[in-house]
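In case you want the letters, here they are:
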Amino acid sequence: MTDVSTETQAGTRHSAPVDLRKYAWLSIAAALLTILLKGAAWQVTGSVGLLSDAAESLVNLVAAVVALIALTVAMRPPDKNHHFGHSKAEYFSAATEGIMIIVAAGVIVVSSVQRFLNPQPLEQVGIGLAISVVASVINGLVGLVLIRVGRRHRSMTLVADGKHLWTDVVTSIGVIIGVALVWLTKWDRLDAIVAFAVAINILFTGWKLLRDSTEGLMDISLPKEDNQALRGVLDRFRSGEIEFHAYRTRESGHRRFMECHMLVPGDWTVQQGHDAIEDVTEALHEVMPELRVLIHLEPIEDPRSYEDIEV
């Protein structure tokens, strides 16, 4: 039995990973700017709702720095201790961001409860809300860029950072509406209620990031539609002489892996088996060029070839 892997030809079949660190720097710049803007909005109005919004932007900054570190590590090529590369570093970034989001939500909950028990009137609300709107537009634009680039290059780090920024935008809209209502109704405790609602929304976002990063660390399979496409390629090669089983896929950051067992007549030469595997591999790369493929060759007549069918 023979293992044949296209991974040995990574230099010719696969291009080097794209350097996405400039987008992390973009996120850092946006976080610094929005912290200044939202901090100013809080100082002007004294609103705990706007304070909670500014606190989330501080989390954005720390998360963006962690993302930069993770992307730098993920770009490192395979070495003697990490034969499959360092792409899983991106999942640690997303998990770290999720934890920080949850901590920030806890701080906001405490602040909102204190303000509810001791309400205070707001000042210069119009100016504060205008500043907050500008910050939200910046976050929205940067978040959209990060999500699109992250999905294009399958970067868990950028997608997580982009989704966090968009959550921040939604949060900010809620805060702006809530603070405006406080201004109109003169019900000061509403400011604390808005801040509490923001904290619940942030908690949900943090939990989702932790869940997604955990799935990645557990070697989750490729999405259903991708698996269907790859299985469709294998089906094209099935015949009286060729069969497949023990099909498996997994994701590791921006890297994707597939392996299976290919059964062929036992009297085939090594060259025939190698050529057949090369044909299958090329067809798989037409569907998914970045895929790392490992195919295990087995004789179709040998009963032992079917003992590992559920591997």
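To start, this report covers the structure provided alongside it. Position numbers for residues start from 1 in each chain and track the written sequence from start to end. Local features in a predicted model are, by the rule used here, given only for residues with pLDDT of at least 70; side-chain atom pairs are given and counted only at 80 or more, and totals for whole chains, interfaces and linings are based on all residues. Note: side-chain values were computed over all heavy atoms of the structure, leaving out hydrogens and water.

## Thoughts on the side chain of T45
So, point 1. Every helix listed is a DSSP run of H or I at least four residues long, and every strand listed is a run of E at least two residues long, numbered separately from the N terminus. Note on placement: T45 falls in helix α2 (residues 21-45).
So, point 2. A 1.4 Å probe rolled over the protein chains alone gives each residue an accessible area, and that area as a share of the maximum for its type sets the label: buried under 20%, exposed over 50%, partly exposed in between. The class of T45 is buried, set by a relative accessible area of 2%.
So, point 3. Polar contact criterion, stated in full: a pair of N or O atoms within 3.5 Å, where within protein one must be able to donate a hydrogen and the other to accept it, and residues adjacent in sequence count only if both atoms are side-chain atoms. There is a polar contact of 2.9 Å between the side chain of T45 and the backbone oxygen of A41.
So, point 4. Among residues more than four places away in sequence, those in contact with T45 are L50, P121, L122, E123, Q124, V125 and G128. Contacts are assigned to residue pairs that have any heavy atoms within 4.5 Å of one another.

## Topic: the pairing of strand β4 (residues 291-299)
So, point 1. With seven of nine residues buried, β4 is to be regarded as a mostly interior element.
So, point 2. Strands are labelled as partners when DSSP assigns at least two bridges between them. The sheet contact formed by strand β3 (residues 255-264) and β4 spans nine bridges and is parallel. If you follow R256 over to β4, its bridge partner there is L291.
So, point 3. Seen with its strands pointing away from the viewer, a crossover is right-handed if its path from the first strand over the helix to the second goes clockwise. Regarding the hand of the β-α-β motif, the stretch spanning β3, helix α9 (residues 270-287) and β4 is right-handed.

## A few points about the nonpolar core
So, point 1. One finds V175, V179 and I202 to be the most contacted residues of the largest nonpolar core, which totals 26 residues.
So, point 2. Elements supplying a minimum of two residues to this core: α3 (48-74), α4 (89-117), α5 (125-152), α6 (156-185) and α7 (189-217).
So, point 3. Those residues in contact with V179, other than ones at most four positions away along the chain, are S47, L50, L122, V125, L129 and D191.
So, point 4. Ranked by size, the runner-up nonpolar core spans 22 residues in total, among them L230, I242, C260 and M262. Definition used in this section: a nonpolar core is a set of buried Ala, Val, Leu, Ile, Met, Phe, Trp, Tyr and Cys residues joined via side-chain atoms within 4.5 Å.

## Points about a negative patch on the surface
So, point 1. Patches here: salt-bridge-free residues with over 30% relative accessible area, like charges joined within 9 Å, nonpolar side chains (Val, Leu, Ile, Met, Phe, Trp, Tyr) joined within 5 Å. Here the accessible surface of atoms and residues is derived via Shrake-Rupley with a 1.4 Å probe, and residues count as covered only by protein chains that are part of the display. The term salt bridge refers to a side-chain nitrogen of Lys or Arg lying within 4 Å of a carboxyl oxygen of Asp or Glu. Only four residue types enter the charge count, namely Lys and Arg as positive and Asp and Glu as negative; His and the chain termini do not. For the purpose of locating charges, the reference atoms are NZ of Lys, CZ of Arg, CG of Asp and CD of Glu. Judged by side-chain charge, D275, D279, E282 and E286 come together as a negatively charged surface patch.
So, point 2. In this structure, D279 sits in helix α9.

## Focus: the packing of α2 against α5
So, point 1. Closest axis-to-axis distance for the α2/α5 pair is 8 Å, and the angle between their directions is 165°. Considered as vectors, α2 and α5 are oriented roughly antiparallel to each other. Along this stretch, α2 crosses α5, giving a crossing that reads as left-handed.
So, point 2. Throughout this entry, Asp, Glu, Lys and Arg are counted as charged residues, while Ala, Val, Leu, Ile, Met, Phe, Trp, Tyr, Cys and Pro are counted as nonpolar. The remaining residues, Gly among them, count as polar. The residue inventory of the contact of α2 with α5, partitioned by class, reads 18 nonpolar, six polar and one charged. To get an axis, a line is fitted to the C-alpha atoms, and for a helix only the part in contact is used. The angle between two axes follows their N-to-C directions and goes from 0 to 180 degrees. Roughly parallel means an angle under 35 degrees; roughly antiparallel, over 145; roughly perpendicular, 65 to 115; everything else is oblique. When the near helix sits turned anticlockwise from the far one by under a right angle, the crossing is termed left-handed; a clockwise turn instead gives a right-handed crossing.

## Some details on helix α8 (residues 224-237)
So, point 1. With 14 residues, α8 should reach 20 Å at 1.5 Å per residue; the first-to-last C-alpha distance of 21 Å fits that figure.
So, point 2. Burial in α8 covers these residues: D226, N227, L230, V233 and L234. Buried residues of α8 fall within an arc of 120° about the axis and therefore sit on the same side. For α8, the exposed residues lying more than 90 degrees away from the buried face are K224, E225 and R236.
So, point 3. For α8, the elements touching its buried residues are β2 (243-252), β3, α9 and β4. Residue count minus one, scaled by 1.5 Å, sets the expected span of a helix. Note that the arc is defined by the directions from the helix axis to the C-beta atoms.

## Comments concerning the pattern of salt bridges
So, point 1. Counting across every chain of the model gives five salt bridges.
So, point 2. Here R248 makes a salt bridge to E259, at a shortest N to O gap of 2.3 Å. Linking R248 in strand β2 with E259 in strand β3, this pair joins segments that are 11 residues apart in sequence.
So, point 3. Judged by its relative accessible area of 38%, R248 falls in the partly exposed class.
So, point 4. The exposure class of E259 is partly exposed, given its relative accessible area of 27%.

## Regarding the packing of α8 against α9
For any two helices packed against each other, the geometry comes down to the angle between their axes and how far apart the axes lie.
So, point 1. Two elements in contact, α8 and α9, have axes whose closest approach is 10 Å; the angle formed by their N-to-C orientations is 150°. Crossing of α8 over α9 shows right-handed handedness. The segment α8 lies against α9, with A229, L230, V233, L234, R236 and F237 engaging D279, V280, A283, L284 and V287.
So, point 2. Counted by class, the contact of α8 with α9 contains nine nonpolar, no polar and two charged residues.

## Here we look at the environment of I108
So, point 1. Of note, I108 is situated in helix α4.
So, point 2. Of the residues examined, I108 reaches a relative accessible area of 2% and is grouped as buried.
So, point 3. In this structure, the C-alpha to C-alpha distance between I108 and E56, residues 52 residues apart in sequence, is 9.1 Å.
So, point 4. Once you skip the residues sitting within four places of it in the chain, I108 turns out to touch S52, A55, A195, A199 and I202.

## Side note on the pairing of β2
So, point 1. Counting buried positions along β2 gives eight out of 10 residues, so the element sits mostly inside the fold.
So, point 2. Relative to β3, β2 is paired through eight bridges, and the arrangement is antiparallel. Its bridge partner being in β3, R250 is matched across the sheet by F257.

## What to know about a nonpolar patch on the surface
So, point 1. Taken together, the side chains of V113, F116, L117, W187, I193, F196, I200 and L203 present a nonpolar region at the surface, about 710 Å² in accessible area.
So, point 2. When residues of the nonpolar patch are traced back to their parent elements, those giving at least two are α4 and α7.
So, point 3. Of the residues forming the nonpolar patch, the biggest block, four residues, is contributed by α7.
So, point 4. Tracing the backbone through its elements, the reader meets F116 in helix α4.
So, point 5. In this structure F116 comes out as partly exposed when scored by relative accessible area, which is 36%.

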